[in-house]
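Structure assessment
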Amino acid sequence: MTLKVSVLLMAMSAVSTIAHSEEEAPSKQAISVPNVYIASDSENFSTYKYNAGYLPLYEHGEKYTGISYQHNYFTQSGWDSSAEVYTLLTKSINPRTGLGYSLNMGYNLENGHKLITTDSNYGFRVTDSTKAELILNRDRVETQNSLNNGIYYTLGAASVEQQVLERVTAIVMAGNMYFSDTNTRPMVRAKLIYDLVPDYGLTAQLRYRQYRDTNTNVPNNYFNPDHYTETMVAFGARKRISGWMLSGTAGIGRQKVSQDPSTTTQLYELAATSPVASNDYYFKTRAGYGKSAGFLGPNYFYRYVMEELIFPF
């Protein structure tokens, strides 16, 4: 424990030095609590994540540096497992453009298995009409078998967003997911977005995603078909009201798993975010429901809700 704390403190010092080199440190601090993520699915697998953080360098809800502690708890049909996660994080996102970075490094301990985790990305503008993003994720695969066996993944990806016409935007993401059980998963995702009513943030979207698993002979630690594709038509809305950003997405599509006949998929999401620069608090929440394929067939579904609350002082 002493070594773990020492490593976190040294990393905090390094990140603080970087922050000071870019600009003067914000005068505010903040605590982030309570943060909650709860999810369940059609296979009776439930996820509960509770997080609290201290942010000694805080400017606004999308720009801060700090540390956090998270407790994860998973259940399924009488089985349960829990994990402790200690994370160093720093974030600097421009609320107007969505560009910037979110970097973190965590230490995850579950069932005696130790893992360094990250959920990081860096978005930047290439030209006036082109944005790019680099993504690096590393975490546990959250199924019963995978958590028992310490299976994890590492995902590296890059995406490009291009404004094709005044009201048409295309986004393409390509990446590869490396599983610790020797399987790899090359993937491609694409979206074509048309601004139906720009003044009200209404969009029509054509979505496509595809992946394949290079080793389908590994044990059933997770859903790993030989080939998966999905095409979806969705409608989105995004509107700022009294400083709050409200958004939502509703979509329906078709999926194909390996050589099976195509079946229906669905996606519904709602989100709300308070004014970013508020001196009182920063709050965001999101809830969603998705239906796609899983272990037991094409009618797998999941639902989730999350919230984050920050109090500056």
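Residues numbered from 1 in each chain as written. Predicted model: local features only at pLDDT ≥ 70, side-chain atom pairs only at ≥ 80, totals over all residues. Heavy atoms only, no water.

**Brief notes about the nonpolar core**
- Residues Val141, Tyr153, Leu155, Met177, Phe179, Met187 and Tyr222 are the most contacted members of the largest nonpolar core, which totals 15 residues.
- Breaking this core down by element, the ones donating at least two residues are strand 8 (152-165) and strand 9 (168-179).
- By size, the runner-up hydrophobic cluster in this structure holds seven residues, among which are Leu55, Tyr58, Tyr64 and Leu89. (Core = buried A, V, L, I, M, F, W, Y, C linked by side-chain atoms within 4.5 Å. Buried < 20%, exposed > 50% of the residue type's maximum accessible area, 1.4 Å probe, protein only. Helix = DSSP H or I, 4+ residues; strand = E, 2+ residues; numbered from the N terminus.)

**Remarks on the pairing of strand 16 (residues 297-312)**
- Across nine bridges, the pairing between strand 1 (residues 28-41) and strand 16 is antiparallel. Residue pairing in the sheet places Tyr37 in a bridge with Met306 of strand 16.
- Note: strand 15 (residues 282-294) against strand 16, twelve bridges, orientation antiparallel. When the sheet's bridge partners are listed, Gly288 is paired in strand 16 with Tyr304.
- Linking strand 15 back to strand 16 in an antiparallel pair, the connection comprises two residues. (Pairing = 2+ DSSP bridges.)

**A closer look at the confidence of the model for the chain**
- Taken as a whole, the chain shows an average pLDDT of 91; of its residues, 91% reach a score of 70 or greater.
- Counted against residues more than four places away or in other chains, residues 1-26, with its pLDDT under 50, gives 23 contacts. (pLDDT = per-residue confidence, 0-100. Contact = heavy atoms within 4.5 Å.)

**What to know about the pattern of salt bridges**
- Taken as a whole and assessed by the stated rule, the structure comprises seven salt bridges.
- A salt bridge links Lys63 to Glu59; its shortest N-O distance comes to 3.9 Å.
- Here Glu308 makes a salt bridge to Lys284, at a shortest N to O gap of 3.7 Å. One end of the pair, Glu308, is in strand 16; the other, Lys284, is in strand 15, and 24 residues separate them in sequence.
- What makes Glu308 buried here is its relative accessible area of 12%. (Salt bridge = Lys/Arg side-chain N within 4 Å of Asp/Glu carboxyl O.)

**Structural notes on the environment of Ser242**
- Relative to the elements of secondary structure, Ser242 occurs in the loop between strand 12 (227-241) and strand 13 (244-257).
- Considered as a pair, Ser242 and Thr65 are 177 residues apart in the sequence and their alpha carbons are 27 Å apart.

**Examining the packing of aromatic side chains**
- Enumeration according to the criterion identifies twelve aromatic pairs in this entry.
- Summarising the aromatic geometry, the rings of Phe179 and Tyr222 are spaced 4.4 Å apart at their centres and angled 15° between planes, so their arrangement reads as stacked. Remark: Tyr222 occurs in the loop between strand 11 (202-212) and strand 12 and Phe179 occurs in strand 9; sequence separation between them is 43 residues.
- The exposure class assigned to Phe179 is buried, which follows from its relative accessible area of 9%.
- Every member of this aromatic cluster is reached through a ring pair, and the members are Phe45, Phe74 and Trp79. (Phe/Tyr/Trp six-rings, centres within 6.5 Å; stacked < 30°, edge-to-face > 60°.)

**Here we look at the side chain of Ser292**
- Among the secondary structure elements, Ser292 is positioned in strand 15.
- The exposure class assigned to Ser292 is buried, which follows from its relative accessible area of 10%.
- Residues in contact with Ser292, not counting those within four places in the same chain, are Arg209, Tyr228, Gln255, Thr265, Gly297, Pro298, Asn299 and Tyr300.

**Details of unusual backbone geometry**
- A cis amide bond links Val33 with the next residue in sequence, Pro34, at an omega value of -5°.
- Along the chain, the position of Pro34 falls in strand 1.
- Even without being glycine, Asn44 reaches a positive phi, approximately 65°.
- Tracing the sequence through the fold places Asn44 in the loop between strand 1 and strand 2 (45-60).
- For Asn44, a relative accessible area of 52% corresponds to the exposed category.
- One non-glycine residue, Ser258, lies in positive phi territory at about 50°.
- With respect to the secondary-structure elements, Ser258 resides in the loop between strand 13 and strand 14 (263-273).

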